[in-house]
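What the coordinates show
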Amino acid sequence: MLGILNKVFDQNKRDLKRLAKLADEVDSLAQDMKQLSDEDLRQKTEEFKARYQKGEALENLLPEAFAVVREAAKRVLGLYPYHVQLMGGAALHDGNIAEMKTGEGKTLTATMPVYLNAITGKGVHVITVNEYLASRDATEMGRLYEFLGLTVGLNLNGLSKEEKQAAYAADITYGTNNEFGFDYLRDNMVLYKHQKVQRPLYFAVIDEVDSILIDEARTPLIISGTAQKSTQLYIQANAFVRTLTRDDDYTYDEKTKSVQLTEEGMTKAEKAFGIDNLFDISHVSLNHHISQALKAHASMHLDVDYVVQDGEIVIVDQFTGRLMKGRRYSDGLHQAIEAKEGLEVQNESMTLATITFQNYFRMYEKLSGMTGTAKTEEEEFRNIYNMNVIAIATNKPIIRDDRADLIYASMEGKFRAVVEDIAERYEKGQPVLVGTVAIETSELISKLLSKKGVRHNVLNAKNHGREAEIIANAGERGSVTIATNMAGRGTDIKLGEGVVDLGGLAVVGTERHESRRIDNQLRGRSGRQGDPGVTQFYLSMEDELMRRFGSDNMKAMMTRLGMDDSQPIQSKMVSKAVESAQKRVEGNNFDARKQLLQYDDVLRQQREIIYKQRNEVLESENLREIVENMIHGVLSRHVEAHTPGNEDPEQWDLQGIVDYVNGNLLKEGDITTDDLRGKEAEEIIEIIFAKVKDRYDEKESVLDNEQMREFEKVIVLRAVDSKWMDHIDAMDQLRQGIHLRAYGQTDPLREYQHEGFAMFETMIESIEEDVAKYIMKAEIRNNLERQEVAKGHAVNPKEDGEKVKKKPVVKEIQLGRNDPCYCGSGKKYKNCHGISG
């Protein structure tokens with residue numbers, strides 16, 4: 001183990017040595033750059049572009065390009081990157097993560113590798129956690145890039161297609177991870193290639209990379225539409241679950257958050273719904289509704305996991321404490337919570353396209369990122385994204401005082417002490433930033449502070465419109481700010497006048513988060529650029545983390561020692577126990593994300609095949625060859641099914657072949673059993689295929705070339721889109737139930753891969769069947785138009801809260817029971833995809 005650790009540390013040392021050498025090279029060019037006029041400095045961009053076009057590597061251009069940006073930054077922004085920022089910039093250019101503490105100027109650091117990679121003309125994406133930061137950085141740093149002759153685009157939610165195309169066509173494009181991901185999905189749903197907005201994904205710099213690639217890695221981006229389904233069952237299941245009592249009728253496991261009905265509970269359910277056996281296959285849907293209603297009641301808590309706003313359930317992001325507007329829990333849990341809170345139960349949605357952030361960002365040719373806290377997740381970055389974490393030293397030494405945790409017996413005692421501490425610091429004018437894990441904690445502390453007459457700002461998911469402004473002023477004299485899970489990342493807290501003499505910014509943590517990284521983020525808000533500061537965490541034996549990981553012995557010990565709630569203990573043993581609990585939770589979370597990725601990789605391979613084929617269809621001038629190959633495949637499968645090689649050719653079902661071909665590919669009577677008798681299977685395929693080609697020629701002679709080519713595209717796109725949409729849904733259903741295979745001693749992941757592959761093959765065959773049938777049988781109209789299979793809307797994993805342009809109203813798919821089904825089968829919706837279950 002020690003050997004591995006030494007290797008890691010040695011690697012970090014070697015990396016730093018190499019980066020320092022590069023930074024020295026940049027330093028050595030400073031004087032030359034200073035001599036250049038503004039025009040000469042700007043001219044350098046054209047020179048670099050020309051040298052790159054002639055084959056010079058970006059690595060060769062790096063020292064000079066960095067020196068140009070550095071000099072331009074001094075002239076345009078009045079900022080001059082430090083030596084450590086040059087090192088950070090070089091680490092980003094290499095496709096790694098630069099870990100730089102808060103206040104070390106990450107935004108300025110990124111300008112150098114962004115500029116260097118933008119001269120390729122392939123487009124660089126700078127990705128931030130919210131639209132406020134994207135707009136701020138695009139405006140501020142945009143002045144620098146534009147001074148150097150590069151173009152800057154800003155990709156915001158709600159822009160028109162033309163505005164987005166212009167933003168992506170720029171040399172450098174700013175935006176949020178959600179928007180880039182959704183644009184990728186939407187681009188793969190367009191009907192004409194000119195509707196696409198993104199270029200091929202080249203280089204991305206992700207700000208707050210741990211937040212985007214780790215915290216949000218379990219949240220897939222989804223574009224969905226809705227179909228009308230009965231919501232009555234949610235209301236009935238909710239009413240039933242309200243009659244149950246914990247432990248008697250169901251059990252709840254706090255560690256895994258799983259809820260199970262007991263025997264007694266099952267009997268009650270059977271009685272309430274008038275059925276004999278709850279686990280009969282015909283009651284799968286009812287069972288599912290009851291289990292989601294149980295989950296909604298036992299493990300989902302108001303003002304912790306979600307809030308009710310304007311008659312809607314809005315999810316709270318457990319990492320940032322922000323409201324995730326527009327996002328819904330999947331698999332019916334959202335509807336179960338709506339029923340629990342007595343709100344109108346919304347329709348379930350169906351997924352039209354989906355991707356995880358992990359798989360989206362792994363498509364970039366080169367990926368890099370920056371954050372103040374990434375070392376604790378280094379293994380994950382290396383394994384999943386192939387990025388190393390390089391810890392860059394601070395420009396000035398950190399002199400912050402990080403105090404040992406104070407542990408109280410009860411929550412009440414802890415909060416009393418927290419409020420006393422804040423009030424004392426408030427009296428002397430020292431600014432305080434209070435970090436909480438849940439919204440309800442921030443509201444409780446706010447009440448207690450108000451009673452004491454302490455003026456303060458509360459920054460949580462219910463109030464983040466002024467987020468950046470509140471955070472920026474959190475270092476002013478006498479300011480007290482309560483923030484949930486450090487909302488407002490990316491905004492620097494500068495100390496007000498006279499605050500240095502008062503000891504700098506005091507950070508008070510009201511409990512430990514399950515991730516050490518998020519505790520470190522909170523700590524890191526204090527003591528920037530060599531400023532003084534102090535951090536103190538308050539814990540109690542009743543905190544969730546302590547409760548989940550066995551604090552009973554500790555509590556008993558405190559009681560034995562006769563310690564009351566006014567006496568905290570400062571024990572290294574407890575602090576170590578907390579840290580090991582955090583490490584365990586981090587390990588569990590990493591495993592969960594890794595498993596999610598392993599499952600999503602199955603869909604990723606399929607998605608890449610489908611999107612590649614879809615692009616070929618859009619790009620292609622003439623699809624006849626592709627269509628003929630599909631028809632040939634269909635024909636071969638049907639002929640082989642009716643002419644088994646181990647059977648006497650006399651016994652072959654030639655009539656079956658004729659019926660299929662005349663029904664799906666040719667006109668009645670175009671082929672007879674006499675034409676096929678006495679022929680080998682291969683010959684039969686060729687005879688029929690020759691007739692199909694004749695029929696195809698006939699169709700082409702009736703229409704002009706343009707119409708025929710458009711007809712092919714309409715048919716192929718419709719078949720691919722409807723089948724792919726069904727397939728995503730089917731894969732989702734498979735994923736939900738696959739874990740049950742573990743009871744049969746089989747590996748669920750292997751089963752999912754195996755069955756997912758078989759389902760994909762079936763889907764491809766089904767696409768070919770549809771295309772063959774419609775191309776050969778459909779009558780061609782003159783007013784042909786490509787149509788979306790379903791209209792969808794982006795299900796945003798989190799809403800940023802800044803005022804952005806209003807989203808265009810997108811009509812969702814709304815189907816009544818007797819409407820034609822969306823999949824194009826020709827059946828009524830109720831007889832096709834509307835079959836409940």
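Residues numbered from 1 in each chain as written. Predicted model: local features only at pLDDT ≥ 70, side-chain atom pairs only at ≥ 80, totals over all residues. Heavy atoms only, no water.

Tracing the sequence through the fold places Phe357 in helix α15 (residues 357-361). Taking the C-alpha atoms as reference points, Phe357 and Ile214, 143 residues apart in sequence, are found 9.2 Å from one another. (Helix = DSSP H or I, 4+ residues; strand = E, 2+ residues; numbered from the N terminus.)

Opposite charge on two side chains lets them pair, provided their charged atoms get close. One pass over the full model with this rule turns up 54 salt bridges. Arg695 is the salt-bridge partner of Glu698, the closest N and O atoms lying 3.4 Å from each other. Note that Glu698 and Arg695 are positioned in helix α27 (residues 681-702) at a spacing of three residues, about one turn of the helix. The buried category is assigned to Arg695, whose relative accessible area is 13%. (Salt bridge = Lys/Arg side-chain N within 4 Å of Asp/Glu carboxyl O. Buried < 20%, exposed > 50% of the residue type's maximum accessible area, 1.4 Å probe, protein only.)

Moving on, we get to the sheet that holds strand β14 (residues 389-391). The parallel open sheet is built from seven strands, whose spatial order is β3-β4-β2-β5-β13-β1-β14. Every interior strand has two partners, whereas the edge strands, β3 (152-155) and β14, have only one. Averaged over all pairs of adjacent strands, the angle between strand axes in this sheet comes to 20°, irrespective of strand direction. Relative to strand β5 (residues 203-207), strand β2 (residues 124-128) is paired through four bridges, and the arrangement is parallel. Within β5, the position partnered with Ile127 by the bridge is Ile206. (Pairing = 2+ DSSP bridges. Axes fitted to C-alpha atoms, helices over the stretch in contact; angles between N-to-C directions.)

Turning our eyes to something else, we now look at helix α6 (residues 106-118). Between its first and last C-alpha atoms α6 spans 18 Å; for 13 residues at 1.5 Å apiece the expected length is 18 Å, and the two agree. The element α6 is largely enclosed, with a buried count of 12 among its 13 residues. Buried residues of α6: Lys106, Leu108, Thr109, Ala110, Thr111, Met112, Pro113, Val114, Tyr115, Leu116, Asn117 and Ala118, and no others. (Expected span 1.5 Å × (residues − 1).)

For the rest of this paragraph, the subject is the nonpolar core. Core analysis: the largest hydrophobic core is formed by 93 residues, its most contacted members being Leu213, Phe361, Leu665 and Ile688. Top element by residues in this core is helix α28 (residues 705-737). It accounts for 12 residues. Each of two domains, domain 1 (10-223 + 358-391) and domain 4 (620-777), supplies a minimum of three residues to this core. What Leu213 contacts, discounting residues up to four positions off in sequence, is Ile206, Phe361, Leu367, Phe381, Tyr385 and Met387. Counting 52 residues, the second-largest nonpolar core is a separate cluster that includes Leu22, Val68, Leu144 and Met370. (Core = buried A, V, L, I, M, F, W, Y, C linked by side-chain atoms within 4.5 Å. Domains from an automatic or database assignment. Contact = heavy atoms within 4.5 Å.)

Let us look at the UniProt feature "binding site: ATP" (unreviewed entry) in the chain. UniProt's entry tags Gln85, Gly103, Glu104, Gly105, Lys106, Thr107 and Asp492 with the feature "binding site: ATP" (unreviewed entry), counted in the numbering of this structure. Inspection of the secondary structure assignment puts Thr107 in helix α6. Apart from residues lying up to four places away in sequence, Thr107 is in contact with Arg136, Asp137 and Met141. You can see Asp492 is positioned in the loop between β19 (480-484) and β20 (505-509). Relative accessible area serves as the criterion here: at 23%, Asp492 is assigned to the partly exposed category. Setting aside residues no more than four positions away along its own chain, Asp492 makes contact with Thr102, Gly103, Ala472 and Arg528. (UniProt positions renumbered as here; feature names shortened; annotations may be inferred.)

Taking 1.5 Å of rise per residue, 17 residues should cover 24 Å, and helix α7 (residues 131-147) covers 24 Å from first to last C-alpha, within 8% of that figure. A maximum bend of about 35° is found in α7 at Met141. Listed as buried for α7 are Glu131, Leu133, Ala134, Arg136, Asp137, Ala138, Met141, Gly142, Leu144, Tyr145 and Phe147. Just beyond α7, the residue with positive phi is Gly149, at close to 90°. (Bend = angle between axes of the 7 residues up to and from the residue.)

Of all five residues making up strand β17 (residues 432-436), five are buried, and the element is well covered by its neighbours. Of the two faces of β17, the one carrying Val432, Val434 and Thr436 and the one carrying Leu433 and Gly435 are both buried. The pairing of β17 with β20 spans four bridges and is parallel. If you follow Leu433 over to β20, its bridge partner there is Val507.

Attention now goes to the packing of aromatic side chains. Within this structure, the stated rule accounts for 14 aromatic pairs. Taking 6.3 Å as the distance between ring centres and 25° as the angle between the ring planes, the aromatic pair formed by Tyr408 and Tyr538 counts as stacked. Here Tyr538 lies in strand β21 (residues 533-540) and Tyr408 lies in strand β16 (residues 406-408), a separation of 130 residues in the sequence. Both residues of the pair, Tyr408 and Tyr538, belong to the buried class. An aromatic cluster is present here, built from Tyr184, Phe357, Tyr360, Phe361, Tyr364, Tyr611 and Trp724 joined pairwise through their rings. Here the basic side chain of Lys74 rests over the ring of Tyr80, its NZ or CZ set 4.7 Å away from the ring centre. Over the aromatic face of Tyr696 sits the side chain of Arg624, whose NZ or CZ is 4.1 Å from the ring centroid. (Phe/Tyr/Trp six-rings, centres within 6.5 Å; stacked < 30°, edge-to-face > 60°. Lys NZ or Arg CZ within 6 Å of the ring centre and 35° of its normal.)

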